[in-house]
Structure formats: C-alpha cells, structure tokens
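Read off the chains here:
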Amino acid sequence: MEENDMKVGFIGLGMMGAGMASNLQKGGHQLVVHDLTRQAASKHLAAGAEWANSPKAVAEQCEIVFTSLPTPADVQKVAIGPDGLIEGFKPGSAYFDLSTNAVDVVRALHDAFQAKGVSFLDAPVSGGPRGANSGKLAVWVGGDKAVYDKYKPVLDSFSDQNAYIGPIGAGTIAKLTHNAASAAVNVVLSEVFTMGVKAGVEPLQLFQAIRQGASGRARMFDRLSNQFLTGVYDPPDFALRLLHKDVSLACQLAREVQVPMRLTNMALMELTEALNRGWGGRDSRVGALLQQERAGIEPIKVAPDKIKAVMEKDG
C-alpha cells in the first residue's frame, strides 16, 4: 500500500498539531482527526479530513496515528483511557506520540501497546508553531527503528529534520535535554544583558556589540532579538506553561538518574516565579521581565525594525 493511500489519524489540533496535520494533508495523506471540539478541526475538515468522535474511532480506521497533546496526563487519557486508542487499534498498527512527554510514561505506553501488537514510538518535535506550519521541524524518534523507517515518508510530510535517536524513550530524552538547555541559557542571557544595560550601555548597541564576539559569531545571542529586546511576549511562540512542564520533566528525569542539575533547577525556579505571576499563556521567555525588574531597569523595548537593521548589517 502506498503511504498516500492509507488513512492517517491525528489527535490534538492545537498550536502545534494544527500545522502538522495541515502539512500531512498537503502531502496527500487522508486524515482522520479528533480533538476536544469539532471546531478545532474545522480547517482540516474543510480540506477533506474525516472526523472521528473518539480516539478509539480514530484508531479503528487508521494504520498509523499521531498525537500532539499538552501533558503526559492528556496522552495517557487519549492512549489508554476509556474509548482510547488502545481499544481501537488493529495489530500491526503504529502510534507516534509527538508530545513532549515523561520518559517513564512513554516506556509504560510502549509496553501497553506492545502487548496488543501495536508499535508505540515517542517522537517529540522542536520548532514551535512557526515550524509546525512551515514544515521546518525537528522530530526525534525513539522506538522500533524498522517502524520508523517504514513510516519515515509520512514524517517527511511535516518535518524536514526527523531522525531516529534510539530505543523507546530516546526521543523524549533528547527533547528534554534540548528544552532544559534552552531554559537555562535564557536565564543566563537575561542576567548578563541586564548587567550590561544597568552599567550604562544602550540595549541595541550592547546587542550589536556582543553579537560580534566569539560566542556571538556562533549566534548565541540572537535569541535576544525577538521577545527580550522588543519586550513583546504575546502571542507566544511557545507558552510558558509548556516550557515549565518540559523543564519540570527534565529535572524529574535528572533526579531519577541521580544527575545534579543546579543551573537547570534555577531556571525552573525562574519559570515557576513567572508562572505564579499569571503569565502561563505568555511566551516562555517572559521570565526575562523578572530579571529586568530585579535589576531595577526600565523594561527593555527596542523597535523591531532597528533590531532587524543590526542583524542584516552584521550578518
């Protein structure tokens, strides 16, 4: 059977899932979709997708199913809860979870589905909503490599950088490593940049200067160019509540394997403080405002066109 002839299930049509599902359709795949509300799937239904009333109903119709959901608990409910995927799959089917999950959860789900003759693979993604919409997205897969190889053409429909990482849980470990590093780096950049501003250097001039140093030439500081320098944290590229969940899972994993993570735990404290301000729906980098507040400087706000001019000038 050609990949485009089989039905592909997709559950979770939020900020990430909507774009990935649309790109699957653009790739010629016939989708069967489900979400908490039919309205969330309106765009995909208009493009020819079929609606299913439950995860079970999705699995009954599809050889392969993807889920893109906010939390491990959501994945467990859809996967093995009442009317869950596990009740509908036929033996030989495949299930790729695109969510950022907990390692122990994906391993338990793998075992549960394996007992039913179904392949479960953890396949978290990185690239944000823009990447989900454009197809410039990394997908890190853990599980049976033969199953990954079989369905790689389907993954290619919505990801330009999908890779097999290793056995079950490997994709999730890679994603948690990535997001924990990103959170810790953001905290450090906020600290050093507010130091420079308070010491007397104008924000845009400081940004332009450090971009040309050794670390800057590797573009480490370019992550300052969007939310931090502009002071715009809405709408989010990646919501604070989701990064908080990811870094919490990374710290949990570190405790389980007895690895000290001092800086990452400090980054989690920063995220938690921002979450307690009621900023969970804002961009994950909104915690930079806390550091600006502690530093006693005015909130940094540089016009986007000026930032763009610096980046284009310096390359």
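The rules behind the values
Residues numbered from 1 in each chain as written. Predicted model: local features only at pLDDT ≥ 70, side-chain atom pairs only at ≥ 80, totals over all residues. Heavy atoms only, no water. Helix = DSSP H or I, 4+ residues; strand = E, 2+ residues; numbered from the N terminus. Expected span 1.5 Å × (residues − 1). Contact = heavy atoms within 4.5 Å. 1 Å grid on protein atoms, 1.4 Å probe; cavity = no way out; pocket = protein on both sides within 12 Å on 5 of 7 lines; lining within 4 Å. Points joined across faces, edges and corners; volume = space filled by probe spheres on them. Nonpolar A, V, L, I, M, F, W, Y, C, P; charged D, E, K, R; others polar. Core = buried A, V, L, I, M, F, W, Y, C linked by side-chain atoms within 4.5 Å. Buried < 20%, exposed > 50% of the residue type's maximum accessible area, 1.4 Å probe, protein only. Polar contact = N/O pair within 3.5 Å; in protein donor to acceptor, adjacent residues only side chain to side chain.

Enquirer: What am I meant to see in helix α12 (residues 240-256) here?
Expert: The first and last C-alpha atoms of α12 sit 24 Å apart over 17 residues, in line with the 24 Å expected at 1.5 Å per residue. Of the surrounding elements, those touching the buried residues of α12 are α4 (72-80), α5 (103-114), α8 (170-198) and α13 (262-276).

Enquirer: Explain empty space enclosed by the protein to me, please; I cannot follow it from the model alone.
Expert: In this approach, a probe sized like a water molecule rolls over the atoms, and the result shows the empty space that is left. Inspection of every chain in the model, using the stated rule, returns 2 cavities of 30 Å³ or more. Of the pockets and cavities examined, the largest cavity occupies roughly 190 Å³. Listing elements by their share of the lining of the largest cavity, those giving two or more residues are α8, α13 and α14 (288-295). Considering each element in turn, the lining of the largest cavity owes the most residues, 5 residues, to α8. Looking at the lining of the largest cavity residue by residue, the classes come out as 9 nonpolar, 5 polar and 3 charged. Around the second largest cavity, the lining residues are Ala102, Val103, Asp104, Leu249, Gln252, Leu253 and Glu256.

Enquirer: Would you explain the nonpolar core in this entry?
Expert: Core analysis: the largest hydrophobic core is formed by 32 residues, its most contacted members being Phe10, Met20, Val33, Phe66, Phe96, Leu98 and Phe158. Taken together, the elements giving at least two residues each to this core come down to β1 (7-11), α1 (17-26), β2 (30-34), β4 (64-67), β5 (94-97), β8 (138-142) and α7 (145-155). With 5 residues, α7 is the largest single contributor of residues to this core. What phenylalanine 158 contacts, discounting residues up to four positions off in sequence, is Met20, Asn23, Leu24, Phe66, Leu98, Gly135, Leu137 and Val139. Within the second largest apolar cluster, 31 residues are counted, among which are Phe207, Cys251, Trp279 and Ile307.

Enquirer: Please explain the side chain of asparagine 179 as it appears in this structure.
Expert: Tracing the sequence through the fold places asparagine 179 in helix α8. Of note is the side chain of asparagine 179, whose polar atom sits 2.7 Å from the side chain of aspartate 246. Excluding anything up to four places from it in sequence, asparagine 179 contacts Phe238, Leu243, Asp246 and Val247.

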